[in-house]
Amino acid sequence: MRTADDRVSWRVLVVCLAAGVTTLVDQSVLTIALPSLRESLGAGSTDVQWIVSGYSLTFGLALVPGGSLGDARGRKGLFLIGLATFVLCAVVAATGANAATVIVARLVQGAGAGLVNSQVIGTIQDVFQGVGRTRALGMYAVVAGVSGALGPALGGVLVSIAGPGAGWRWCLLLSVPCGLVTLWLAARRLPRARAVRPGRLDGWGLVCVGALTVALMMPFITGTHVAVWVTVALGSAGTLVVLHRRRVRSGEVPLVHPALTRSALYVLGTAIAMAQFGSAMAASLVLVLFLQSGLGMSALTAAAVTVPSAVAMIAASAIAWRVARRIGAHAVTLGTGLGIIALLAGALAAASVPVAALPVVLALVQLFWGVANGLALSPNQARVLHEAPAEAAGVAGGILQMSQRVAAAVCLTAVSGVYLRAGAPRDAFIQATMVCAALLAFALVACVILARPHRTVPAPVSRDGCGCGDQAPV
């Protein structure tokens, strides 16, 4: 029987999950409206890439400073400020008259979303303990994955109802009523703001991460000055390493807590999450572009092709705990391997199936893709967060999410650049899909390393599909 404190905690979790849905669905809901947005605003390829990837970039970069500010100043006020900024910028972007306005609004909106989600992670860490914390973080991971999968379907319906000219604006406005309801709930139910763990933010480390991310994105956006951007990327990475070591020696906490860099499971698990999240976002975008811009299908038809992925992901996430309890860490390996097969099947279908039958075949592939993501994405995140060293538990979630969002920004830019600058639509889709498959192949190698015999790790998922702290041999 739940106590009054338990009921309060779970009400707080509802607010956190609502904020997650509001901000995380906003990225994927726009993908299916990109062709109409591009035509309506006369946006070029570079503009489209910034609109898509800029949100993820600022989202990711705001997570760590947002978490530090929450530790030092309390979380509730920052949560409300971030969400209000997010909602306001959604309105600005939806009413924008040109691509530049939409790009700037999306950049600021992404920063607001990052500020909100850093408080979500911190609030869950503050309110829940032990198995309850792992379960709550697991639920948040499931909600994040399902929100991303449902976005294209919701976007397709909105574009179909409102028409190409206004449909993309409706997609951007979708988050407004959700955000306003969440603001009201947060004002009533979130704990009062209080400082938790005051600390000094590694601002220069964050600048290096930002410079590194932009340097990795720009060659795919501009296609020029590749050597310059590679030099900037290498310089940023080297500076980040030097700053990290200097702060450790001086007794200050660097951007990435030393305990996290010493944890092989956390490092490899984060790398897996980056490859999984980046490839999933990029594959979804490329599929929608291929169906609409490449094959001339309507937004509603393209949405129908993506629906099986969302449904299958929800179902697979619900049973992921059974698979994890039977085969342990191999569950993530299985899901990642199935994801590679699904991507290769999609590329093969694009190369050989007639246009008339292609939507049905790709819908079946998406069903398989959803199962793969349901088995791999959330269980891996829950495992990584559970395995974070105790002394770095508070920042582990922020670093993990920042890594995923930075990976999404780079992958969305790179893979969409491959597609937009390739030749025939089928060839472009195949090339871009193979890039996503290569990313998952990297993740698969890391999965195999983590699933080596003679290791003991906690089973990542509980009976409700979210996470538990039981030990399971691998």
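Above this text sits the structure in question.
So, here's what we can say about the structure.

Thresholds applied
- Residues numbered from 1 in each chain as written.
- Predicted model: local features only at pLDDT ≥ 70, side-chain atom pairs only at ≥ 80, totals over all residues.
- Heavy atoms only, no water.
- Helix = DSSP H or I, 4+ residues; strand = E, 2+ residues; numbered from the N terminus.
- Contact = heavy atoms within 4.5 Å.
- Polar contact = N/O pair within 3.5 Å; in protein donor to acceptor, adjacent residues only side chain to side chain.
- Phe/Tyr/Trp six-rings, centres within 6.5 Å; stacked < 30°, edge-to-face > 60°.
- Buried < 20%, exposed > 50% of the residue type's maximum accessible area, 1.4 Å probe, protein only.
- Lys NZ or Arg CZ within 6 Å of the ring centre and 35° of its normal.
- Core = buried A, V, L, I, M, F, W, Y, C linked by side-chain atoms within 4.5 Å.
- Axes fitted to C-alpha atoms, helices over the stretch in contact; angles between N-to-C directions.
- Parallel < 35°, antiparallel > 145°, perpendicular 65-115°, else oblique.
- Nonpolar A, V, L, I, M, F, W, Y, C, P; charged D, E, K, R; others polar.

As for its position among the elements, threonine 23 is in helix α1 (residues 4–29). C-alpha of threonine 23 to C-alpha of serine 147: the two residues are 124 residues apart in sequence and 9.1 Å apart in space. Look past the residues within four positions of threonine 23 in its chain and what remains in contact with it is Tyr55, Phe59, Phe86, Ala113 and Asn117. A distance of 2.9 Å separates a polar atom in the side chain of threonine 23 from the backbone oxygen of alanine 19. Side-chain polar atoms of threonine 23 contact the backbone oxygen of glycine 20, separated by 3.4 Å.

Bringing the packing of aromatic side chains into the picture now. What the rule picks out here adds up to 3 aromatic pairs. With centroids separated by 5.2 Å and ring planes inclined at 65 degrees, the aromatic side chains of tryptophan 10 and phenylalanine 128 adopt a geometry described as edge-to-face. With tryptophan 10 in helix α1 and phenylalanine 128 in the loop between α5 (99–127) and α6 (130–162), this residue pair connects regions lying 118 residues apart in the sequence. Across the pair, exposure class does not vary: tryptophan 10 and phenylalanine 128 are buried alike. Between arginine 405 and the ring centre of phenylalanine 59, over which it is positioned, the NZ or CZ distance is 4.3 Å.

The next point concerns the nonpolar core. Phe79, Ile124 and Met402 are the most contacted members of the largest nonpolar core, which totals 113 residues. Counting residues per element, this core draws most heavily on helix α12 (residues 264–294), which supplies 14 residues. Non-local contacts of methionine 402, meaning those with residues more than four positions away in its chain, are made with Gly60, Leu61, Leu63, Val64, Leu206, Val209 and Leu255. Counting residues in each nonpolar core, the second largest holds 8 residues, with Ile272, Val332, Cys447 and Leu450 among its members.

Here the focus is the packing of helix α13 (residues 299–327) against helix α14 (residues 330–352). Relative orientation of the contacting elements α13 and α14 amounts to 120 degrees, with a least axis distance of 8 Å. Comparing the axis directions of α13 and α14 gives the class oblique. Here Val323, Ala324 and Ile327 of α13 come into contact with α14, specifically with His330, Ala331 and Leu334. For the contact of α13 with α14, the class distribution of residues is 5 nonpolar, 1 polar and no charged.

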